[in-house]
Structure formats: C-alpha cells, structure tokens
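Now for the letters of each chain:
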Amino acid sequence: MTAAHPAGAQVGAVVVAAGRGERLGGGVPKALVEVGGRTLVARAVDGLRRAGVATIVVVHPPSEADAFAAVLHDTSILAPGGEDRSASVRAGLDALPPDVTLVAVHDAARAFTPPEVIAAAIRAVTGDVVAAAPALPVADTLKRVDGDDVVATLDRAGVVAVQTPQVFPRAVIRAVGVAGASATDDLGLVEARLAAGELDGRVVWVPGSPRALKVTYPDDLVIAEALARGEASAT
Ligand code: CTP
Ligand code: MG
C-alpha cells in the first residue's frame with residue numbers, strides 16, 4: 001500500500017516499545033514477546049511498512065538495544081526510551097529525521113493493527129485536522145463506580161475506545177509539548193490545547209479494528225496467537 005498519506009507529507013512513525021510489560025509478566029519486555037514466531041515489535045513495524053511508512057523510529061528499553069537490533073534487522077532507527085510512555089514518545093520524536101512532517105505514534109503492543117487502519121489514520125490528517133486516530137464503538141455497558149459501589153450508568157452513545165497509531169503534523173505534536181506532560185494517549189494533549197483555545201483545528205477518528213487490540217494481559221496472547229494463525233493461513 002503506497003501513497004497512503006496526504007500529498008507532500010513526509011510520513012514517519014514512532015513505535016513505542018520501551019515498556020516492561022508488567023501486566024503480561026514473563027520477564028521479557030513485552031515488545032520482544034513472540035506471537036506466531038515473530039516479536040510484537042517486528043509485527044508492529046511490518047504493519048507500518050505495509051501502510052507505506054518508510055521512516056520508523058523504534059523506542060526500546062535502554063538496556064535492550066542489541067536485542068531489538070537483532071529482531072528488527074531492518075532500517076528502523078533505534079532510540080532508548082524513558083520512564084513512562086510520554087517520555088518514550090518524546091525520545092522517539094527527537095530521533096526522527098528532520099524531513100518528517102507527519103508523525104504516526106504507534107504502540108508496539110498493538111502489533112496486529114491492520115495496515116488499512118494505519119493508512120486511514122494517516123490519510124485523515126489533512127486540511128484543518130490536527131490529529132487522527134483509529135477508534136471503535138464501545139460494546140460493553142459503561143458504569144461509573146466509586147470503590148465497590150456502582151453509582152451511574154454512562155451513555156454509551158457517542159463513546160469510542162481509541163487505538164493507535166495516533167497521527168499528527170510534526171509541528172503540532174511538538175507544540176502540544178509532549179514535553180513534560182504524562183499521557184497514555186497523545187490525542188488528549190491536542191484536545192486540551194484545542195479546548196483552551198491555544199490551537200485551532202479538529203481531532204478526528206477513523207474506524208479502528210478489533211485486531212488492533214493492545215496486548216496487555218496473558219489472555220490477550222491467546223487472541224494474538226489466533227490472529228497470527230489467521231494471517232499465516234491467509235498468505
Ligand atoms: N511504553 C514505552 N515506554 C514506557 C512505557 C510504555 O514505550 N516507559 C510503550 C509500551 O512498550 C507499549 C505502549 O507504550 O507498546 C503502551 O503501554 P503498555 O501497554 O502499558 O505497555 P507496558 O508499559 O510495557 O505494560 P505494563 O503497563 O503492563 O508494564
Ligand atoms: Mg504501561
């Protein structure tokens with residue numbers, strides 16, 4: 001899939017893969033966990049490449065540079081990550097070559113995100129759109145709780161669960177200053193600037209995919225293995 005991006009934009013990606021994967025367990029950084037014989041990080045990079053993204057920075061746990069180089073053995077740029085996800089995003093942005101004008105920030109843990117979904121998020125950042133991400137309507141009923149108490153039922157209409165990649169003009173993501181801010185979701189930083197009147201534009205979502213699940217808990221690996229088997233039998 002090529003020419004997925006707005007005319008003239010030079011698209012780059014930051015794959016954040018520096019987390020420890022504590023909820024998954026196993027003693028290996030989550031991005032190096034193999035599913036169907038390939039690491040999550042290699043699968044995430046491959047998905048971006050298939051969506052037409054040529055320049056990719058992979059942010060790894062600082063002590064794991066050699067292990068990441070060994071599994072990626074391609075032209076990805078490696079950068080050591082930080083203490084939390086935001087710090088790792090910042091490290092990745094700093095390592096992007098200067099010619100990149102549009103940035104897709106992607107979780108290595110969402111290794112099975114279909115290339116079509118990645119391409120659609122990239123295409124969406126055009127005109128007055130300053131950020132875009134894939135998202136899915138929420139299937140579960142949502143409740144507000146207070147400790148053990150269920151205190152309210154939330155209206156599910158108009159609610160989506162956001163995935164990655166989250167895509168921004170480079171100047172926007174720099175301006176919203178991932179600097180210092182701590183966030184599990186980069187889109188939120190842009191929304192806050194828009195709400196404060198400090199930035200103009202729109203944040204949009206495009207249809208995401210159940211395949212873009214974030215591998216978080218051991219049970220997610222069962223789903224991921226099934227997705228890997230499905231891919232293998234389709235090729
Ligand atoms: N991440 C990162 N640097 C950090 C923390 C997280 O690059 N300091 C990345 C993870 O590698 C992952 C993504 O951000 O691809 C989403 O984070 P999460 O799913 O929470 O992964 P982990 O932090 O590794 O998992 P856990 O919270 O269970 O330890
Ligand atoms: Mg985490």
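Residues numbered from 1 in each chain as written. Chains lettered and ligands numbered in written order. Predicted model: local features only at pLDDT ≥ 70, side-chain atom pairs only at ≥ 80, totals over all residues. Heavy atoms only, no water.

Account for the site of ligand 1, with residues named and values stated.
The environment of ligand 1 is made up of 18 residues, and the closest members are Val-16, Gly-21, Glu-22, Lys-30 and Ser-88. Contact between ligand 1 and Val-16: an oxygen atom at 2.8 Å from a main-chain N or O atom of the residue. Measuring from an oxygen atom of ligand 1, one finds a backbone N or O atom of Gly-21 at 2.8 Å. In the complex, 86% of the free accessible area of ligand 1, which totals 560 Å², lies under the protein chains. Its residues assigned to classes, the shell around ligand 1 comprises five nonpolar, four polar and nine charged. (Near = heavy atom within 4 Å. Polar contact = N/O pair within 3.5 Å; in protein donor to acceptor, adjacent residues only side chain to side chain. Areas by Shrake-Rupley, 256 points an atom, 1.4 Å probe, with all protein chains shown as cover. Nonpolar A, V, L, I, M, F, W, Y, C, P; charged D, E, K, R; others polar.)

How would you explain the side chain of Arg-43 if you had to name every residue and give the values?
Within the element layout of this structure, Arg-43 appears in helix 1 (residues 40-50). Look at Arg-43 and you get buried, because its relative accessible area is 9%. Within the structure, the side chain of Arg-43 is placed 3.4 Å from the side chain of Glu-231, a separation counted as a polar contact. Sequence-distant contacts of Arg-43, defined by excluding residues within four places in its chain, comprise Val-35, Gly-36, Arg-38, Ala-111, Phe-112, Ala-228 and Glu-231. (Helix = DSSP H or I, 4+ residues; strand = E, 2+ residues; numbered from the N terminus. Buried < 20%, exposed > 50% of the residue type's maximum accessible area, 1.4 Å probe, protein only. Contact = heavy atoms within 4.5 Å.)

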